[in-house]
Amino acid sequence: MTDLLAPPSSARESWPTKQRLVVIGNGMAGARTVEEILSRNGAELFEITMFGDEPYGNYNRIMLSHVLSGEDSEADIFLNSLQWYADNAIDLHAGVRIERIDRFAKVVFGDDGSITPYDQLIIATGSRAFVPPTEGIYRPNGSMLPGVFSFRTLDDTRAMVEYARREDHHRAVVIGGGLLGLEAARGLQTHGVQVDVVHSGKHLMNAQLGRAGGEILRRSMAQLGVGVFTGTRVTEVWGPDRVRGVKLRDLTEIDCDLVVIAAGIRPNTDVATVSGFTVERAIVVDDQLRTVEDPSVFAVGECVQHRGEVYGLVAPLWEQAVVLADQITGANPAARYLGSRTATKLKVAGVEVASMGVAEPERDTDEHIVFSEPSRGVYKSVVVRDGKVIGATLLGDSSKVAFLQQAFDRGLPLPDERVELLFDLGGPTEDVGVAELADDAQVCNCNGVCKSTIVDTVKGGCKTVTGVMDATRAGKGCGSCKGLVAKLVEWAADGAVQEDPSIHWYVPGIPLDKPTLMAEIRERNLRSVAEVFAALAPGGAEDAKSKMGLASLLKMMWGSEAPDDREGRFINDRVHANIQKDGTFSVVPQMRGGVTTPEQLRRIADVAEKYDVPMVKLTGGQRIDLLGIKKEDLPAVWADLDMPSGYAYGKSFRTVKTCVGQEFCRFGTGDSTKLGIELETRLQGMEGPAKMKLAVSGCPRNCAESYVKDVGIVAIEGGRWEIYIGGAAGAHIRKGDLLCTVDDAETAKLLTGRFLQYYRENAKWLERTYAFVPRVGLEHIRAVVVTDSEGIAERLDAEVAKHAENHRDPWQDGKNPASPGQFRASLPLEVLPHVPKNRAEILLGGSW
Ligand SMILES: Cc1cc2nc3c(=O)[nH]c(=O)nc-3n(C[C@H](O)[C@H](O)[C@H](O)COP(=O)(O)OP(=O)(O)OC[C@H]3O[C@@H](n4cnc5c(N)ncnc54)[C@H](O)[C@@H]3O)c2cc1C
Ligand code: SF4
């Protein structure tokens, strides 16, 4: 009999074989669930579309505390790059909020007007900060009073850092003394702000700690300089234009410029509520993480209520992600999520905290083993009922956490000498604890890594701690589990654990640190990358990742005496221009100190017209960029420009930004333009471990942004100049350190060159000055560069002078190519988008 509902066979063949999986929320739970799905062959089963209302890829929210304190840059905390989504054919809509789900039509509606159909849907919308009702927080237009921040997203963190760094902002109040509040307090302190924490609970972190532990934490915080008010709350935030202070319930007033709200979270359930799903405290799901209404709609993470519980930590959501992936892919239809035992293992504001189960005894028969050493900030407490651990708190020393967690989770038999639960007295030692950990025991809570993953990685041949950390991400969150990871690696490697010496190497392929490598190169008179590999790499093996670093080092050491080792160069260095996403190049002629002439401008305009340049753009370094030049046109473009290269590519000295300075500006006390031009002339083309950007300002108003450059020079009264080093304002932001103040421009020029030469000789490959200066230490650099403590100043100066004398403009290659193929057109390896023609006209023709 014909099945009337079945499509005709030809149509059936053209049906998509994959189901459409849509995920709402690109946070820690959403992305982790997708990772788990992919690891179960999910790419074969689903076409995956993800929506996240934050305009980024997926980042580790836990690490926002590190971004706030400046320990990590924003780039460091991304878990999955945009490339990862592309590589896995995931259609990511970053910055799009889903407003409604129509579960009958099986579509979701985005705030960008999109309508996206699904076969299976996952809601992973997480939580938002809870703002306690407080007078004055909101202005009549509904926005928060300037200076009031919540602490949940990268945007919140960025805004907070910017505000805290302002010089007229000195004091902050954090509302909430839980994990988040204390992290915020410590983070703000690093920006020179004095911080008070106001907590409504009787003691700090009352969700995790008992009274005694909370009291010791308060002392630790006080020692760190954080003020703590407990058992009270902020009733009013005041300030006419921005925050000026807060009032507490007992009418105490605290003047402040910044208020951070870290008073708890509320699940994001709006989209589920308006779409008709059952929502109580959060979206209600069953043991398969399915919503009550619809078996094809799942929910995961902090937006979920399971068996009445709502979780606010990552460990439960890692467990949920595994079950959901097992279910949705059919990998294990029997998988069930039965709830999580919330054991917390964290580093809060630098203090180790581990807590599980109850914090204090509840029955008369409960045993309570306590050790307290307030002066060291150490507190350990274990609650035992009927011979089983039912709760433990470790503060300041979590060395026994592995055994205690295992005993708590699995009800292990306990030693008769209960004190052995707190200290190693020949009882259950750490090794025994590690051995006894179950395979699926979570070792790294931040990144959801369990024991078996670490052990498998070691058994797979990776026997160094850093190698295992890189491969698994374990220990790369708050860092509190690093000790345990190291012990596990040691145990799994059966004593054959190896120290990872590569952290000291200059490049990965040659096992030598930079000074030793340079000494070997000099002694053996090695002139090319190939010679270095042959002489110094294990088995003479060439390593692609090391070539650029070595080529740069040889160029630095031998200057013009080094043969031109083109093989070790990246395309930018081979053709002296910056490759763009469509395979064309951008060409930036030199404009020393940002100064040009009408004649030069005319020539640039003529070239732009002659070569049909799609975009002419001013750069941040005060130059003109011609974008969209074909590789084969480069020599002709340079010849027509008849200007030297501006070095807007490669790992080398780039430019000196200057302000107009004394010559024209009313405030100027120094001729910044002249000094900038002289510096650029002396340093042009200088190769380095990374790019080097400089600036000179004519007075402390600092219009050239000298404080955030690799070297920044600022004129001050009396004809003197301040020299700052190690500043940055790119992906990483850092104010430079004051190296010294000098009496004249000549000395400023000399010391700038000397510092850069010292940096070139001692920095690791790709290490910018903002990392080099803190690593080596300002005092040490000052001693070497300013007071010549090592007696090498003369040699460093001579190297700079030699460089200046031997400098040759690389665009001269245009007249005499280094190889026949140097400027030959080549097909891009992949199909690339095209820079639209006359992009400037399209942009500038737009309506206002
Ligand atoms: C500063 C900080 C420190 C922390 N430290 C720790 C710690 O040390 N240990 C620990 O265990 N936990 C910690 N946490 C908690 C941890 O980050 C959360 O448990 C975890 O991020 C929850 O993951 P999630 O995916 O459920 O939610 P989220 O990570 O919040 O992701 C949800 C995402 O969905 C987006 N979204 C919401 N609604 C929509 C919509 N309608 N359409 C599209 N997108 C939407 C949200 O904007 C968000 O990007 C910390 C949290 C913060 C903020
Ligand atoms: S830094 Fe000083 S001298 Fe230079 S432009 Fe600004 S105000 Fe004028």
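About the cut-offs
- Note on numbering: residues in each chain are counted from 1, in written sequence order.
- Whichever chain is written first becomes A and whichever ligand is written first becomes 1, with later ones labelled in order.
- Residue-level local features of this predicted model are given only where pLDDT is at least 70; pairs of side-chain atoms are given and counted only at 80 or more, and the full residue set underlies all totals for whole chains, interfaces and linings.
- To get the side-chain values, take all heavy atoms of the structure and skip hydrogens and water.
- UniProt positions are given in the numbering used here, feature names are shortened, and annotations may be inferred rather than shown by experiment.
- Helical segments are the DSSP runs of H or I of at least four residues, strand segments are the runs of E of at least two, and each set is numbered from the N terminus.
- Only protein chains enter the area calculation, which uses a 1.4 Å probe; residues under 20% of their type maximum are buried, those over 50% are exposed, and those in between are partly exposed.
- Strands are labelled as partners when DSSP assigns at least two bridges between them.
- Lines fitted to C-alpha atoms define the axes here, with helix axes fitted over just the stretch in contact, and angles between the N-to-C directions of these axes take values from 0 to 180 degrees.
- In predicted models, pLDDT denotes the confidence assigned by the predictor to each residue on a 0 to 100 scale.
- By definition, residues are in contact when any of their heavy atoms lie within 4.5 Å.
- Read the arc as the range of directions from the helix axis to the C-beta atoms.
- Note on ring pairs: Phe, Tyr and Trp rings are taken, using the six-membered ring of Trp, and paired if centres are within 6.5 Å. Classes follow the plane angle, with under 30 degrees stacked, over 60 edge-to-face and the rest tilted.
- Residues are counted as near a molecule or strand when any one of their heavy atoms sits within 4 Å of it.
- Ten residues, namely Ala, Val, Leu, Ile, Met, Phe, Trp, Tyr, Cys and Pro, are considered nonpolar, four, namely Asp, Glu, Lys and Arg, are considered charged, and the remaining ones, Gly among them, are considered polar.
- Salt bridges are identified by distance alone: a Lys or Arg side-chain nitrogen within 4 Å of an Asp or Glu carboxyl oxygen.

In the nomenclature of an unreviewed UniProt entry, the protein corresponds to assimilatory sulfite reductase (ferredoxin) from the organism Microlunatus phosphovorus. Under Sequence similarities (unreviewed entry), UniProt gives the following word-for-word description of the protein: "Belongs to the nitrite and sulfite reductase 4Fe-4S domain family." Recorded under Function (unreviewed entry), the UniProt text for the protein is reproduced unchanged: "Catalyzes the reduction of sulfite to sulfide, a step in the biosynthesis of sulfur-containing amino acids and cofactors."

**Q** Where do I start with unusual backbone geometry in this structure?
**A** Glycine aside, residues mostly have negative phi, and peptide bonds are mostly found in the trans state. In the Ramachandran plot, N525 falls in the positive-phi region, its phi being about 55° despite a non-glycine side chain. Within the secondary structure, N525 sits in the loop between helix 16 (514–524) and helix 17 (529–536). Although it is not a glycine, Y647 sits at a positive phi angle of roughly 55°. For Y647, the location among the structural elements is in the loop between helix 21 (634–641) and strand 34 (653–658). Looking at Y647, the relative accessible area reads 8%, which means it is buried.

**Q** Explanation requested: the UniProt feature "binding site: siroheme" (unreviewed entry) in the protein in the structure shown.
**A** Under the present numbering, the feature "binding site: siroheme" (unreviewed entry) in UniProt falls on C703. With respect to the element layout, C703 can be found in the loop between strand 35 (692–697) and strand 36 (711–716). Overall, C703 belongs to the exposed group, its relative accessible area being 57%.

**Q** So what exactly am I meant to see when it comes to the sheet that holds strand 27 (residues 388–395) here?
**A** Note: strands within a sheet are paired through backbone hydrogen bonds, in either parallel or antiparallel orientation. One open sheet accounts for five strands, arranged 23-24-27-26-25; its pairing is antiparallel. Only two strands of the sheet have a single partner each, and these edge strands are strand 23 (344–348) and strand 25 (367–373). In this sheet, adjacent strand axes meet at a mean angle of 10° when their direction is disregarded.

**Q** How should I be thinking about the confidence of the model for the protein in this particular structure?
**A** Any residue range with low pLDDT should be treated as having predicted coordinates unsuitable for detailed reading. In the predicted model, the protein carries a mean pLDDT of 86, and the fraction of residues at 70 or more is 90%. Every residue in residues 1–15 is under pLDDT 50, and counting partners more than four places away or in other chains gives three contacts. Low confidence marks residues 826–833, where pLDDT is under 50. Its contacts with residues over four positions away, or in another chain, come to six contacts.

**Q** Looking at this structure, I do not really get helix 15 (residues 482–492). What am I missing?
**A** An α-helical segment advances 3.6 residues per turn. Residues three or four places apart therefore align on the same side. Within the span of helix 15, buried status applies to L484, V485, L488, V489 and A492. Seen from one end, helix 15 has its buried residues packed into an arc of 140°, which puts them on one side. A positive phi of about 55° marks D494, the residue just after helix 15.

**Q** I'm lost on the packing of aromatic side chains in this one. Help?
**A** Geometry of an aromatic ring pair is reported as the spacing of the ring centres plus the angle between the planes. Evaluation of the coordinates by the stated rule reveals eleven aromatic pairs. Arranged with centres 4.9 Å apart and planes meeting at 85°, the rings of W84 and Y85 form a pair that is edge-to-face. Here the two residues W84 and Y85 agree in accessibility, since each one is buried. Here F149 and Y163 contribute two aromatic rings whose centre-to-centre distance is 5.4 Å and whose plane-to-plane angle is 65°, an arrangement assigned as edge-to-face. Within this pair, whereas F149 is found in strand 11 (residues 148–150), its partner Y163 is found in helix 6 (residues 154–164), the two being separated by 14 residues in sequence. Across the pair, exposure class does not vary: F149 and Y163 are buried alike. Three or more aromatic residues joined by ring pairs make a cluster, and in this case those are F755, Y758, Y759 and F772.

**Q** Would you take a moment to explain the environment of A325 for this structure?
**A** Among the structural elements, A325 can be located in helix 10 (residues 314–329). On the accessibility criterion, A325 (0% relative accessible area) is buried. Separated by 259 residues in the primary sequence, A325 and H66 place their C-alpha atoms 30 Å from one another. Non-local contacts of A325, meaning those with residues more than four positions away in its chain, are made with T33, E36, I37 and R40.

**Q** Any chance you could explain the site of ligand 2 here in plain terms?
**A** The immediate surroundings of ligand 2 are formed by C659, G661, C665, F667, G668, G698, C699, R701, N702 and C703. For the shell around ligand 2, a count of residues per class yields five nonpolar, four polar and one charged.

**Q** What should I look at first to understand the sheet that holds strand 32 (residues 615–618) in this one?
**A** The four strands are arranged 30-31-33-32 in an open sheet whose pairing can be described as antiparallel. With partners counted over all chains shown, the strands left at the sheet margins are strand 30 (578–579) and strand 32, one partner each. Sheet analysis places strand 32 next to strand 33 (residues 624–629), joined by four bridges and oriented antiparallel. Note on strand 33: the bridge partner recorded for K617 is D625. Against the sheet, helix 20 (residues 598–610) engages strand 32 and strand 33, with an angle of about 15° to strand 33. Packing against the sheet, helix 21 makes contact with strand 31 (585–587) and strand 33, and its axis sits at approximately 10° to strand 31.

**Q** Hey, could you run me through the pattern of salt bridges in this one?
**A** A side chain of one charge can pair with a side chain of the opposite charge when the charged atoms of the two come close. Per the stated rule, a full pass over the model turns up 39 salt bridges. Between R61 and E54 there is a salt bridge, with its nearest N and O atoms 3.0 Å apart. On the accessibility criterion, R61 (19% relative accessible area) is buried. Look at E54 and you get buried, because its relative accessible area is 18%. A salt bridge links R720 to D743, with the nearest nitrogen and oxygen atoms 2.9 Å apart. One end of the pair, R720, is in strand 37 (residues 720–725); the other, D743, is in the loop between strand 40 (737–742) and helix 23 (745–762), with 23 residues separating them in the sequence. One continuous salt-bridge network, built from bridges that share partners, spans R32, E36, R40 and D326.

**Q** Got a minute to help me understand the pairing of strand 1 (residues 19–24) in this structure?
**A** Here is the key point about a regular strand: its side chains alternate between the two faces of the sheet. Sheet topology note: the strand 1/strand 2 (residues 46–52) ladder contains six bridges and is parallel. For R20, the partnering residue across the bridge sits in strand 2 and is E47. Bridging between strand 1 and strand 9 (residues 120–123) involves four bridges; their strand directions are parallel. Within strand 9, the residue paired with V22 across the bridge is L121.

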